[in-house]
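Notes for the structure review
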Amino acid sequence: MALDSKIPQGPIADKWTNYKNHIDLVNPANKRNIDVIVVGTGLAGGSAAATLAELGYNVKAFCFQDSPRRAHSIAAQGGINAAKNYQGDGDSTYRLFYDTVKGGDYRSREANVYRLAEVSANIIDQCVAQGVPFAREYGGLLDNRSFGGVLVSRTFYAAGQTGQQLLLGAYSAMNRQIGRGKIKMYNRHEMLDVVKVDGKARGIITRNLITGEIERHSAHAVVLGTGGYGNVFFLSTNAMGSNVTAAWKAHKRGAYFANPCYTQIHPTCIPVSGDHQSKLTLMSESLRNDGRIWVPKHMKDVEAIRNRTLMPKDLAEDDRDYYLERRYPAFGNLVPRDVASRAAKERCDAGFGVNATGEAVFLDFASAIQRYGKEAAHVKGLDENDAALVKKLGQEVIKNKYGNLFQMYEKIVDQDPYNTPMMIYPAVHYTMGGIWVDYNLMTTVPGLYCIGEANFSDHGANRLGASALMQGLADGYFVLPYTIGDYLSDDIRTGTIPTDSKEFEEAENEVKEKLNFFVTNKGKHSVDYFHKKLGKIMWNKVGMARNVKGLTEAISEIKALRTAFWKDVKVPGTNEEYNEELAKAGRVADFLELGELFAKDALNREESCGGHFREDAVELDGEQKGEAKRDDENFAYVSAWEYKGEPSDAVLHKEQLEFKDIELKQRSYK
Ligand SMILES: Cc1cc2nc3c(=O)[nH]c(=O)nc-3n(C[C@H](O)[C@H](O)[C@H](O)COP(=O)(O)OP(=O)(O)OC[C@H]3O[C@@H](n4cnc5c(N)ncnc54)[C@H](O)[C@@H]3O)c2cc1C
């Protein structure tokens, strides 16, 4: 399939849909004849389900949690971007467009990103109208903060709970439609396959996670908003349940998988503490507004800090290396995540890591506490030279801004970050790759759509902070509900799709067979045993720095691990009950296939771009020495992989990226 033919290049927002067809659907009576399945009720799926129902479609929505309110989106802390220019700092649609394309290291589609920037401001209005309690300034206007990779302040936030508050907004909108009978909600239902009839997506097979019952559900179109696949690394900041199964099943049914190797490793996470850990915790990027990142300049101080004969707060300023401020004077601590993560790794690899494992750097709030404290004392007419008072006032300001994050850190690490710098290290956080979609967000399977983190659409090789929520809600509230009409207008008179066809039967039987295999296989090892091994291969050989040798080894090691999994996996319990191990087994089986495709994609991309860093593609001299080196001549394309059986057989299709409004150049944050 020629992918490029379906993509308008450049900012052509008026080409969103084919209005000639769409016009049939303006009549609400026609929409009442159309069923849409939405799998996933996080920010992307939840907002889409609510809007589709509002427009008049009959929606069936599915999630595997006990409530849409528990989607992984609830974890988002820092904020959501929008080009409102409330700070009067020169922000604009164009600037958000530009920052996002540059931030993604020129590996995203201009047209999509421009549309995203255009609708960003509407999202804030929509959410405010829903009652989302965004932070406000003293005068009552919505407040903003800055995130990495930009020099303006455009991030809207609700303390450290932005995702939760936005999700409650989408959930309330959904609930209204559930009440009206326009959405039928299926909690605790896991989608295990897409059903295609005559080449079109016409339904899904689900498992009721409480009873084990396998169900068939039909519709005229299927929308996946099923989140990202960072848990292929086992340890990540994602919710424990986040998985690739829905996307992978869609891939196996013909949806191309794009740029699987584009992964975001977030620089500010609590470092790994041991082998028994199953989850990593993010310290929001918003902390880089006020926290300064450093390691000691001298080895003797590193050692003293590690063996606790020196407290970090007692190390003299001159003996500290604020390496981001040193290397990137223009953006300092607010460089994009991929740049900050690599810089932390570089210092730790050079031996300057400050914890016992040598994999941690400091995030220090002492200067901000001083600065805010002095200002507060001045405002209150108090003594600015009273050190204890200034510290107390400064800590209060920091507490108001980041209190819940500081509390979380203290609970996990048992250190008080108001008085000693936090220790942080990069961790897997977000996946820019995902199901390939065209400009209307349709996959290569007609009638199958993909939105939010599950698709690949807008972030290129690196997502900027606070842009995931923006993309998820743009897709859900403002793009998909309108573009899908183009496709559905052909189905006005189709009538209900029957579920007793051979296609549904075959898909259901395949699902049942696999589940039966798991509960009857007499293996020796738990699902987690294999997942942890996969995670180690991914982190060590397909993680923050990649090379040909490591990637080639990873491919054969994952293949071997997959064989071992199918031979030796042990799943206790039965099919007909709540069985979390059984659910996990299916998800890890899919991760074991995705992992190999991921490594294959990373091996194919012989350049460094964004989160994909190849050790053999580095600038060797000049001002950019040591930085990632892109190869625009040979790799300015989206890799879209077609399923052909084993991941090693997957076929690469290239969507060439054209840059008409933004000049392709070396990304510099110096
Ligand atoms: C700790 C953390 C903090 C973050 N902070 C920010 C931030 O401040 N700003 C920002 O912009 N981004 C942030 N992000 C990223 C952002 O939260 C996510 O990218 C975004 O919430 C994803 O939304 P989504 O709707 O696409 O998917 P999700 O919220 O992951 O929802 C997926 C949905 O799909 C369902 N699902 C999945 N598979 C199946 C299946 N097989 N069957 C049925 N249902 C299924 C789930 O039940 C769920 O409802 C953060 C991420 C993390 C990990």
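Just so it is clear, the structure is predicted and the values come from calculations on it, not from any experiment.

Right, let's get into the packing of helix α16 (residues 548-568) against helix α17 (residues 580-604). Here α16 crosses α17 at 160°, and the two axes come no closer than 9 Å. On the basis of the axis angle, α16 is roughly antiparallel to α17. Crossing hand, α16 versus α17: left-handed. Along its contact with α16, which presents V548, L551, T552, A554, I555, I558, K559, L561, R562, F565 and W566, the element α17 presents A585, V588, A589, L592, E593, G595, E596, A599, K600, A602 and L603. Considering only residue class, the contact of α16 with α17 consists of 15 nonpolar, 2 polar and 5 charged.

I80 and I484 are the most contacted members of the largest nonpolar core, which has 184 residues in total. Here this core takes 12 residues from helix α13 (residues 467-488), the largest share from any one element. The residue makeup of this core includes at least three contributed by each of domain 1 (267-428) and domain 2 (520-656). In contact with I484, other than residues within four places in its own chain, are V36, L52, Y57, A221, V223 and Y449. Core analysis: the second largest hydrophobic core is formed by 6 residues, L235, C269, L282 and A427 among them.

For the rest of this paragraph, the subject is helix α8 (residues 299-306). Residues of α8 that are buried include every one of D301, V302, A304 and I305, and no others. In a view along the axis of α8, the buried residues occupy a sector of 165°, so they form one face of it. Against the buried residues of α8 lie β12 (292-296) and β14 (361-364). R308 sits one or two residues past α8 and shows a positive phi near 60°.

This brings us to helix α5 (residues 110-130). Spanning 21 residues, α5 covers 30 Å between terminal C-alpha atoms, matching the ideal 30 Å at 1.5 Å per step. The largest bend in α5 amounts to roughly 35° and is located at V119. Residue G131 follows α5 closely and has a positive phi angle near 100°.

Definitions and limits used
- Residues numbered from 1 in each chain as written.
- Predicted model: local features only at pLDDT ≥ 70, side-chain atom pairs only at ≥ 80, totals over all residues.
- Heavy atoms only, no water.
- Axes fitted to C-alpha atoms, helices over the stretch in contact; angles between N-to-C directions.
- Helix = DSSP H or I, 4+ residues; strand = E, 2+ residues; numbered from the N terminus.
- Parallel < 35°, antiparallel > 145°, perpendicular 65-115°, else oblique.
- Left-handed = near helix turned anticlockwise from the far one by under 90°.
- Contact = heavy atoms within 4.5 Å.
- Nonpolar A, V, L, I, M, F, W, Y, C, P; charged D, E, K, R; others polar.
- Core = buried A, V, L, I, M, F, W, Y, C linked by side-chain atoms within 4.5 Å.
- Buried < 20%, exposed > 50% of the residue type's maximum accessible area, 1.4 Å probe, protein only.
- Domains from an automatic or database assignment.
- Arc of directions from axis to C-beta.
- Expected span 1.5 Å × (residues − 1).
- Bend = angle between axes of the 7 residues up to and from the residue.

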